[in-house]
Amino acid sequence: MKNKSVIIIGAGVAGIEAANNIAENGYNVTLIEKENLLGGNLKNYAKLFPDFYEAGEVKNNLINKLNSENINVYNNNEITELFFENNKWQAVNSQNQKFLADAALLTTGFTVFDAKRKEELGYGIYDNVITSLEFENMYKTGKITTKQGNIPERIAFLNCVGSRDEKVGNHYCSRVCCINAVKQASEFKEIYPDSQAYCFYMDMRMAGQFYEELYRKSQEKHNVIYIRGRISEAAATLDNKIQIKSEDTLSGLPLKMTVDLLVLMVGIEASIGTNQLASQNEINGEYGFAKSKGLYGNDNITNKKGLFLAGTCKRPLTIPETIADAKAAANQIIKYLNQI
Amino acid sequence: MTKNKHYWNQYQKEIADDNYFYERSCIRQSFFPGSETTFLKILREELGKTIIDDPNQHTCTGIGYHSDVVPFDTTMTVCARLFSLMKDAGFKNYVPSCVTSFGVFTEVIETWQNFPEELEKTRNFLRKATGREFDIPNNIVHPSDIIYKYRTELKNKMKYQLINQETGKPLKGVEHIGCHYGKIFSKHAVGGAEFPQVLAGMIEEWGGEVVDYPERRHCCGFGFRQYLVMANRGYSVANTKKKFDSMQAYKPDFVLTNCPGCTMFMDRWQYTIAEMEGITYDDKKMGIPVLTYEELAGLLLGYNPWDLGLQLHQIQSESLLNKIGIKYDPKDKFVGKSGTFLGEPNKPEKLIVDYEK
């Protein structure tokens, strides 16, 4: 083992992938996770877009590679401070325990938008308004039902909840919600082909490989109906359905309909850890995300010597993008450790 | 029902404890003549507060401003003159009776805070026109905020509760907030703009249950241009009808409002809908009583319903009074304060206004 080390904060996709890559090159890795289980946000998903690959398999493949003797994993450890002192990067947890290393990698990731902030959509108030994460949890059980246990005859997905929304202060696109809604609507229709699925959108951003194909298939095979318009208001009816108001902006007509389940496609926001640790090191960028030195070739390094970034602590990314970014960060870190 | 979902409690605001300067509404005294007097009585006699009712007060320009006939510079100057009356009286807590006035004042003050040059301009206008000076209020709240703040104290003095005397169950209340209470600045609304708590809090505290129906947030039907432009009045009625169609299935016992326009249109348009469509929204063809929060508080405190002016509503309130168990004398309904019989208004053809138990 080479006598140099790195602290990685956050054992999600980026953190685990980077840890594996760095450890394979003989460096000592301290991988710190605030939660009990590793895997980060990947744990919340059943299948991944656009190919319906099992999320659990991706997670297990990542975690299974963590058996290198060069990697020490500390779960249930929330890092509250990160700073450079005495030529070492020092991470301090909430119990005041210190972890020291030659380099530090932030992989603190994202959190999903709190849908309660869009009060007009009634999340947290009406039982049958749920988030895309709650849909995933239900899908894992193989059954998607209303709170009352009924099979939804009509389901609506609403994109851009907390994204591209000036009112909540998030001007950016979360990038993954459009295709995730297509995926979830398709999954729903696979289980309940006789039910109807609607998807409300501003723009369907199908920029990834095979996204457009999945979008087309959802319409041709599953008859998912896409309505260009945001939902302005959701309210419960006497029989616990959800009445929604929108505008079909393609026909220019107001629209009111009732659905059994409304799924809010919650956007991506910087996690508390990302925001906190980036601010402490003056690398905080827009919207609380961490800021790299530059997009072109410098996206994994920061203005702080020995402090690196990977994954969704910088901006919304898909899982393949996160894995590639983590590999790139690992490469940068290895290069750095070789030089010092 | 949303009884157990109170996360909007985060929207709270400062409501001054005492020493209020009251500004009456242009239209409330015509529409619901007992409400403002009742508010003053509750504050002075039940809560022991000091509140000034200045005879020199005037319009805030709200209706003219929202109808695009009064420019904003004029509105700011007229508001400034009202604030100058408060300064003369030595008070700092401004309480406009009308929700539109409340919206106008909060908009004007917000403008002054964000654009100090507008404040200076207004000071100059007022000085040149009247020679007067003014201060921005320390606290500006709607009277419904004050009743909400003291809802528990008032409950302890109340003779009645919002409980159906026959069934023992809570009475169901639809609450409707004026748009200009919370939709201009949600930070000025107790509970925010989407699920305001100001009236819901009163209903729940006083024993009732709030009805959460799909069109809860839909317009009452006033909306200024919808009503003020005669050609648009069908739109106004249609909006009110949409709300009542939506709430009907929940069988509400009453509607509670805090805006003159909402009270007016949800009350009067029930008559119009009944005459046009033959539809009423209760079992007895009498409609659903629509009350101001002062009237509801006054009723529960034991004030005479006819002193509160409930006979001047289009939808008569006896069904609600009987459910609550309020004692009243039907013979006094159209007797003036001097004891003279004032005569009864003409009766509608389809909406029933004579209560028969």
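Rules behind the numbers
Residues numbered from 1 in each chain as written. Chains lettered and ligands numbered in written order. Predicted model: local features only at pLDDT ≥ 70, side-chain atom pairs only at ≥ 80, totals over all residues. Contact = placed C-beta atoms within 7 Å. Helix = DSSP H or I, 4+ residues; strand = E, 2+ residues; numbered from the N terminus. Nonpolar A, V, L, I, M, F, W, Y, C, P; charged D, E, K, R; others polar. Domains from an automatic or database assignment. Buried ≥ 20, exposed ≤ 12 C-beta atoms within 10 Å, placed from the backbone. Arc of directions from axis to C-beta. Expected span 1.5 Å × (residues − 1). Core = buried A, V, L, I, M, F, W, Y, C linked by C-beta atoms within 7 Å. Pairing = 2+ DSSP bridges. Axes fitted to C-alpha atoms, helices over the stretch in contact; angles between N-to-C directions.

A. Quick look at the interface of chain A and chain B. Between chain A and chain B, the contact holds 11 residues from the first and 13 residues from the second. The element best represented in the side of chain A that touches chain B is strand 15 (residues 231-236) of chain A, accounting for 3 residues. Looking at the side of chain A that touches chain B residue by residue, the classes come out as 4 nonpolar, 3 polar and 4 charged.

B. Inspection of the domain arrangement of chain B at higher detail. Residues and elements named next belong to chain B. As far as domains go, chain B holds domain 1 (16-143) and domain 2 (147-332). Taken over C-alpha atoms, the centre of domain 1 sits 25 Å from the centre of domain 2. Tallied by class, residues from the side of domain 1 that touches domain 2 come to 11 nonpolar, 10 polar and 4 charged.

C. Representation of helix 6 (residues 272-280) of chain A. Residue and element names in this part refer to chain A. Here helix 6 has its buried residues at Gly273, Thr274, Leu277 and Ala278. Axial view of helix 6: buried residues confined to an arc of 115°, hence all on one face. Elements that come into contact with the buried residues of helix 6 comprise strand 1 (5-9), strand 6 (79-85), strand 9 (103-106) and strand 19 (268-270).

D. Molecular detail of the environment of Arg117 of chain A. Residue and element names in this part refer to chain A. Relative to the helices and strands, Arg117 is located in the loop between strand 10 (110-112) and strand 11 (129-131). Distance from Arg117 to Gly162, taken between C-alpha atoms, is 8.2 Å for residues 45 residues apart in sequence. In contact with Arg117, other than residues within four places in its own chain, are Gly162 and Val168.

E. Up close: helix 1 (residues 13-24) of chain A. Residue and element names in this part refer to chain A. Counted at 1.5 Å a residue, the expected span for helix 1 with its 12 residues is 16 Å, and the 17 Å between its end C-alpha atoms agrees. Taking burial as the measure, the 12 residues of helix 1 include 11 buried ones, the bulk of the element. The complete set of buried residues in helix 1 reads Val13, Ala14, Gly15, Ile16, Glu17, Ala18, Ala19, Asn20, Asn21, Ile22 and Ala23. Residues of helix 1 that are buried in the fold lie against strand 1, strand 2 (28-32), helix 2 (55-64), strand 5 (71-74), strand 9 and helix 7 (319-339). Where helix 1 terminates, the next one or two residues include Gly26, which has phi positive at roughly 90°.

F. Examining the nonpolar core more closely. Of all hydrophobic cores here, the largest spans 101 residues; its most connected members are Val6, Ala104, Leu105, Leu262 and Leu264 of chain A. No other element matches helix 7 of chain A, which puts 8 residues into this core. Lining this core are residues from two domains, each supplying at least three of them: domain 1 (5-109 + 271-339) and domain 2 (115-267) of chain A. If we ignore the near neighbours within four places in the chain, the residues touching Leu105 of chain A are Val6, Ile8, Ala18, Phe308, Ala310, Ala329 and Ile333 of chain A. In this structure, Leu171, Ile203, Trp206 and Met264 of chain B belong to the second largest nonpolar core, which totals 89 residues.

G. The arrangement of the sheet that holds strand 7 (residues 88-93) of chain A in detail. Residues and elements named next belong to chain A. Strand order in the open sheet made by the 3 strands is 6-7-8, with antiparallel pairing throughout. The outermost strands of the open sheet, each flanked by one partner alone, are strand 6 and strand 8 (98-101). Each adjacent strand pair in this sheet contributes to an overall mean axis angle of 20°, direction not counted.

H. Representation of the sheet that holds strand 15 of chain A. Residue and element names in this part refer to chain A. One open sheet accounts for 3 strands, arranged 15-16-17; its pairing is antiparallel. Each end of this open sheet is capped by a strand with a single partner; those strands are strand 15 and strand 17 (253-259). Each strand axis lies, on average, 20° off the axis of its neighbour in the sheet, ignoring direction. For strand 15 and strand 16 (residues 242-248), the ladder comprises 5 bridges, and the chain directions are antiparallel. Opposite Glu233, over in strand 16, you have Lys245 as the bridge partner.

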